[in-house]
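These are the residues of each chain, in order.
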There are 2 protein chains.
Amino acid sequence: MLLTVFCYVCSLELYDMKYEQLKLENQLCFPVYAASRLITRAYQPYLNELGITYPQYLVLLVLWEEDNILVNDIARKLILNTNTITPLLKRMEQQGLVERKRSEVDERKVCVLLTEEGEQLKATAALIPQKVGEHLVNAGLEVDDLLALKDSLNSIISFLSK
Amino acid sequence: MLLTVFCYVCSLELYDMKYEQLKLENQLCFPVYAASRLITRAYQPYLNELGITYPQYLVLLVLWEEDNILVNDIARKLILNTNTITPLLKRMEQQGLVERKRSEVDERKVCVLLTEEGEQLKATAALIPQKVGEHLVNAGLEVDDLLALKDSLNSIISFLSK
DNA sequence: AACGATATAGTTGTAGGCGATATAATATAG
DNA sequence: CTATATTATATCGCCTACAACTATATCGTT
């Protein structure tokens, strides 16, 4: 029964039933993986103009929402490990987008702050999501479907991130 | 109007409207990105037992469905570039999972074939998707939602992969 | 046959992701 | 107050991902 639940979607053929769930088309994991990379690619041209990468853009989203935040908190919000964030932040510091400052109260902690330049990117970046979204909606995707999609993904995330 | 469409989902506050679409929570791109990594993590323990990584698993999915296939075709099916696939296949060849053979008809082409060992992983791998899916369904996710999720993602993929 | 265009795979360089581990600061237990 | 555990960040090594480019083979046209 569970076989039909997660990864199985096409009509069962009686032969070959054993491996039906291994077809790429019947997996849920692959569409998520592929869509993720394709969306990143879709953002890329716009992000190139800002001179940043997609994960760097996500870090900026976090900082634009809440500045002066710990490395750990950025990692938690983006569900990334700190050993991914640390070199990323260093590159962003190199570019002059953020500043990293070790806390004086607790010297283990490192606060990340937006520079003037990082703050200024916000206005341009604000236009990006709708530009990408525009394409999808023009391509005939329903708004309700996209919202439902987001909800389902968030359910998966909230479950798997424990 | 489009502002409300792709990335905007929460009720609009009148103040701060300008940057509402930049909140992490209002993005569609982030849930896809995060879910993708979390699903990969969920597969990991099972894949570790087989001694393979997640992208290697995807390559095997393709080969189990259709053996003796070109590098290019694997890349196309997984929506990856060949320069990602090539070193990946070399590692899999090193491990004895696949064999790479240059076509005699057209020497530009390289055929990828499963070895006996690669073929044998299929039986164990067949159990993995339902094990991962089991968790999600037990966590209360609706089957219909997951199917709808898959459809929406495939729509996005078919649009963005052109 | 000759040659430019195209196709296929590979190489190089940069930037994520993450497991394993290290290092140092702080918190806690006894 | 010392020993131990925990926390926060960083380092290292491996494996993707992909842009830009190269090398070679094949095709199409003349």
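Residues numbered from 1 in each chain as written. Chains lettered and ligands numbered in written order. Predicted model: local features only at pLDDT ≥ 70, side-chain atom pairs only at ≥ 80, totals over all residues. Heavy atoms only, no water.

**What to know about the interface of chain B and chain A**
Of the residues lining the interface, 73 residues belong to chain B; the matching set on chain A comes to 73 residues. Summed over both partners, the interface of chain B with chain A buries about 6900 Å², with 78% contributed by carbon and sulfur atoms. At the junction of chain B with chain A, the criterion picks out zero salt bridges. Summed over the shared surface of chain B and chain A, the number is 16 residue pairs in polar contact (both at pLDDT 80 or more). For the side of chain B that touches chain A, the secondary structure elements donating two or more residues are helix 1 (29–50), helix 2 (54–65), helix 3 (71–78), helix 5 (116–125), helix 6 (128–138) and helix 7 (143–160) of chain B. (Contact = heavy atoms within 4.5 Å. Buried area = accessible area lost by both parts, 1.4 Å probe. Salt bridge = Lys/Arg side-chain N within 4 Å of Asp/Glu carboxyl O. Polar contact = N/O pair within 3.5 Å; in protein donor to acceptor, adjacent residues only side chain to side chain. Helix = DSSP H or I, 4+ residues; strand = E, 2+ residues; numbered from the N terminus.)

**Quick look at the packing of helix 3 of chain B against helix 4 (residues 82–94) of chain B**
Residue and element names in this part refer to chain B. The interhelical angle for the contact between helix 3 and helix 4, taken along N-to-C directions, is 115°, at an axis separation of 9 Å. Seen along the crossing, helix 3 lies across helix 4 with a hand that is right-handed. Packed against helix 3, whose contacting residues are Val71, Asn72, Ile74, Ala75 and Leu78, the element helix 4 presents Thr82, Ile85, Thr86 and Leu89 at the interface. Of the residues that constitute the contact of helix 3 with helix 4, the class distribution is six nonpolar, three polar and no charged. (Axes fitted to C-alpha atoms, helices over the stretch in contact; angles between N-to-C directions. Left-handed = near helix turned anticlockwise from the far one by under 90°. Nonpolar A, V, L, I, M, F, W, Y, C, P; charged D, E, K, R; others polar.)

**Structural notes on the relation of the copies chain B and chain A**
If you rotate chain B by 180° and push it 0.0 Å along the axis, it lands on chain A with an RMSD of 0.1 Å. Expressed as a symmetry operation, the mapping of one chain copy onto the other fits a two-fold axis. By C-alpha distance to the rotation axis, the residue of chain B lying nearest is Leu149 of chain B, at 2.7 Å. Most of the interface of chain B is mirrored in chain A, where 100% of its interface residues again form contacts. (Least-squares fit on C-alpha atoms with pLDDT ≥ 70 in both.)

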